[in-house]
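A structural walkthrough
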Amino acid sequence: MATEQMDEIRKGFAERLKLDKIDESKSLKDLGLDSLDVVEMCLDLEDKYQIQFTTEELSSFKTIGDLLSSIEKKLGEKK
């Protein structure tokens, strides 16, 4: 289930960023995302998947991979 959700999340991020594929090593800044964009994306995910991000987590994400890893961990903890 979490794998399907992560595929859906990756696809959604790629669409939002207008990319064919997400390079998880790219920094959020290089992808054109600022802190407000990250917060908005995370709020959407919190609503959709019933997960929560702390303020510290939101400010610690440097790459899209960091964000995706955190999401995957949170989805795994929901089992």
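Because the structure is a prediction, the values reported are computed rather than measured. (Residues numbered from 1 in each chain as written. Predicted model: local features only at pLDDT ≥ 70, side-chain atom pairs only at ≥ 80, totals over all residues. Heavy atoms only, no water.)

What the rule picks out here adds up to 5 salt bridges. For the salt bridge of Lys-48 with Glu-8, the shortest nitrogen-to-oxygen distance reads 2.7 Å. Pair noted here: Lys-48 is in helix 2 (residues 35-49) and Glu-8 is in helix 1 (residues 2-16), with a separation of 40 residues, a long-range link. By relative accessible area, which is 39% here, Glu-8 ends up partly exposed. Notably, a salt bridge pairs Glu-24 with Arg-10, separated by 3.0 Å at the nearest N-O pair. Highlighted residues: Glu-24 in the loop between helix 1 and helix 2 and Arg-10 in helix 1, separated in sequence by 14 residues. Exposure remark for Glu-24: the relative accessible area of 31% places this residue in the partly exposed category. According to the relative accessible area criterion, Arg-10 is partly exposed, its value standing at 26%. Among the charged side chains, a salt-bridge network with shared partners connects Arg-16, Glu-40 and Asp-44. (Salt bridge = Lys/Arg side-chain N within 4 Å of Asp/Glu carboxyl O. Helix = DSSP H or I, 4+ residues; strand = E, 2+ residues; numbered from the N terminus. Buried < 20%, exposed > 50% of the residue type's maximum accessible area, 1.4 Å probe, protein only.)

A few words on helix 1. The end-to-end C-alpha distance of helix 1, which contains 15 residues, comes to 21 Å, matching closely the 21 Å that a straight helix rising 1.5 Å per residue would cover. The complete set of buried residues in helix 1 reads Ala-2, Gln-5, Met-6, Ile-9, Phe-13 and Ala-14. Close packing links the buried residues of helix 1 with helix 2 and helix 4 (64-77). (Expected span 1.5 Å × (residues − 1). Contact = heavy atoms within 4.5 Å.)

Here we take up the nonpolar core. One finds Ile-9, Phe-13 and Ile-71 to be the most contacted residues of the largest nonpolar core, which totals 23 residues. Taken together, the elements giving at least two residues each to this core come down to helix 1, helix 2 and helix 4. The contact partners of Phe-13, leaving out residues within four places of it in the chain, are Ile-22, Met-41, Leu-45, Ile-64, Leu-67, Leu-68 and Ile-71. (Core = buried A, V, L, I, M, F, W, Y, C linked by side-chain atoms within 4.5 Å.)

A word on helix 4. If you check helix 4, its first and last C-alpha atoms are 20 Å apart, about what 14 residues at 1.5 Å a residue would give, namely 20 Å. Of all the residues in helix 4, the buried ones are Ile-64, Gly-65, Leu-67, Leu-68, Ser-70, Ile-71, Lys-74 and Leu-75. Considering only its buried residues, helix 4 is in contact with helix 1, helix 2 and helix 3 (55-60).

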